[in-house]
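Letter by letter, the chains look like this.
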Amino acid sequence: GAGVSQTPSNKVTEKGKYVELRCDPISGHTALYWYRQSLGQGPEFLIYFQGTGAADDSGLPNDRFFAVRPEGSVSTLKIQRTERGDSAVYLCASASGQGTDTQYFGPGTRLTVL
Amino acid sequence: QQQVKQSPQSLIVQKGGIPIINCAYENTAFDYFPWYQQFPGKGPALLIAIRPDVSEKKEGRFTISFNKSAKQFSLHIMDSQPGDSATYFCALHSNSGYALNFGKGTSLLVTP
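Because the structure is a prediction, the values reported are computed rather than measured. (Residues numbered from 1 in each chain as written. Chains lettered and ligands numbered in written order. Predicted model: local features only at pLDDT ≥ 70, side-chain atom pairs only at ≥ 80, totals over all residues. Heavy atoms only, no water.)

Enquirer: What should I look at first to understand the pairing of strand 5 (residues 45-50) of chain B in this one?
Expert: Residue and element names in this part refer to chain B. Sheet analysis places strand 4 (residues 30-38) next to strand 5, joined by five bridges and oriented antiparallel. Looking across to strand 5, one finds that Trp35 is bridged to Ile48. Hairpin connection from strand 4 to strand 5: six residues lie between these consecutive antiparallel strands, with Gly41 at a positive phi of about 80°. (Pairing = 2+ DSSP bridges. Helix = DSSP H or I, 4+ residues; strand = E, 2+ residues; numbered from the N terminus.)

Here you go:
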């Protein structure tokens, strides 16, 4: 594909439910980032993968949030026991390497927790 | 937590005007200062970026001015067009980290 893709584009769930958000990075990109963007705010960092390993997960807000990238390509962000405050747009970005290589963002998944 | 302060929050200019968006930071441990443009329903896209060893960078109608001593940098859009109407984010990259730290964004409206 030409760019980063994310599925689903929209997800509505009930408080307390479990959700999975998927990110397909640009082919060949080793670096993958997850950000969260609340209404009227800039993206906030959640977690960074270099290859299969999470090199920095310092942005995950609590242990309800978890992300994996088992084969170094597709990544899944998992949220357990969702809360209304988790409602936001979850953005995925990929880059060819690390550091200051350009991060290319997907369109995001809009999560709404009722 | 936000390490960069962006202003103004919103901006309206007429076509052909030169909107200026400003960002300020405190920590000096940053090595890369990109600007991202975001349209509704889309992810942010890199517009232009600068490193701290230069004071200005121009790409097409977009210019970044960087003042290292004042810890400030700004985006200028020359000959603005209605198609430039979007939200603009400045960001910082720490020389000891991985992620970008974004400002809160500026919503720009360019009227015909």
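What follows picks up the thread again.
Enquirer: Looking at this model, I keep getting lost on the interface of chain B and chain A. Mind explaining?
Expert: A common way to express how large an interface is: the accessible area buried when the components associate. Tallying the contact residues gives 19 residues for chain B and 19 residues for chain A. By the criterion of area lost to chain A, the three top residues of chain B are B:Pro44, B:Tyr98 and B:Phe102, representing 35% of everything that side buries. Where chain B meets chain A, there are zero salt bridges. There are four residue pairs in polar contact (both at pLDDT 80 or more) connecting chain B and chain A. The set of elements that each furnish at least two residues to the side of chain B that touches chain A consists of strand 4, strand 9 (86-94) and strand 10 (100-102) of chain B. Here the side of chain B that touches chain A takes four residues from strand 4 of chain B, the largest share from any one element. Class assignment of the residues belonging to the side of chain B that touches chain A gives a composition of nine nonpolar, six polar and four charged. (Contact = heavy atoms within 4.5 Å. Buried area = accessible area lost by both parts, 1.4 Å probe. Salt bridge = Lys/Arg side-chain N within 4 Å of Asp/Glu carboxyl O. Polar contact = N/O pair within 3.5 Å; in protein donor to acceptor, adjacent residues only side chain to side chain. Nonpolar A, V, L, I, M, F, W, Y, C, P; charged D, E, K, R; others polar.)

Enquirer: Just checking my understanding: could you explain the side chain of B:Gln37 for this structure?
Expert: Residue and element names in this part refer to chain B. Tracing the sequence through the fold places Gln37 in strand 4. Here the side chain of Gln37 touches Tyr88 through a polar contact of 3.0 Å, side chain to side chain. Among residues more than four places away in sequence, those in contact with Gln37 are Gly43, Pro44, Ala45, Leu47, Asp84, Ala86, Thr87 and Tyr88.

Enquirer: Looking at this model, I keep getting lost on unusual backbone geometry. Mind explaining?
Expert: The general pattern is negative phi for most residues beyond glycine and trans for most peptide bonds. A:Thr7 connects to A:Pro8 through a cis peptide bond whose omega is -10°. Tracing the sequence through the fold places A:Pro8 in the loop between strand 1 (5-7) and strand 2 (10-13). Here the bond from B:Ser7 into B:Pro8 is cis, since omega is -5°, no more than 30 degrees from zero. Even without being glycine, B:Lys71 reaches a positive phi, approximately 55°. Relative to the assigned elements, B:Lys71 resides in the loop between strand 7 (62-67) and strand 8 (72-77).

Enquirer: Help me understand the pattern of salt bridges, please; the structure alone is not making it clear to me.
Expert: If the charged atoms of two oppositely charged side chains come close together, the side chains can form a pair. Residue and element names in this part refer to chain A. If you walk through the whole model with that rule in mind, you get five salt bridges over all chains. Between Asp24 and Arg22 there is a salt bridge, with the nearest N and O atoms lying 2.7 Å from each other. The partly exposed category is assigned to Asp24, whose relative accessible area is 22%. One salt bridge connects Arg64 with Asp86, and the closest N-O pair in it is separated by 2.8 Å. A residue pair is termed long-range when its members are at least 10 positions apart, and Arg64 in the loop between strand 6 (53-56) and strand 7 (65-68) and Asp86 in the loop between strand 8 (75-79) and strand 9 (88-95) qualify at 22 residues. Each member of the pair Arg64 and Asp86 is classed as buried. Each of the salt bridges in this network shares a partner with another, and the network as a whole consists of Arg64, Glu83 and Asp86. (Buried < 20%, exposed > 50% of the residue type's maximum accessible area, 1.4 Å probe, protein only.)

Enquirer: Explanation requested: the sheet that holds strand 8 of chain A in the structure shown.
Expert: Sheets are built from strands that pair by backbone hydrogen bonding, the pairs being arranged parallel or antiparallel. Residues and elements named next belong to chain A. In space, the four strands of this open sheet follow the order 1-3-8-7, with antiparallel pairing throughout. Each of the sheet's edge strands pairs with one partner strand only, and the pair in question is strand 1 and strand 7. Sheet twist, expressed as the average angle between the axes of neighbouring strands with direction ignored, equals 15°. Bridge count for strand 1 against strand 3 (residues 19-24) is three bridges, and the pairing is antiparallel. In the sheet register, Gln6 faces strand 3, and the bridge partner there is Cys23. (Axes fitted to C-alpha atoms, helices over the stretch in contact; angles between N-to-C directions.)

Enquirer: Explain the side chain of A:Gln6 here, please?
Expert: Residue and element names in this part refer to chain A. For Gln6, the position within the fold is in strand 1. Overall, the relative accessible area of 6% leaves Gln6 in the buried class. Within polar-contact distance, the side chain of Gln6 engages the backbone oxygen of Tyr90 at 2.9 Å. For Gln6, the side chain forms a polar contact with the main-chain nitrogen of Cys92, separated by 3.0 Å.

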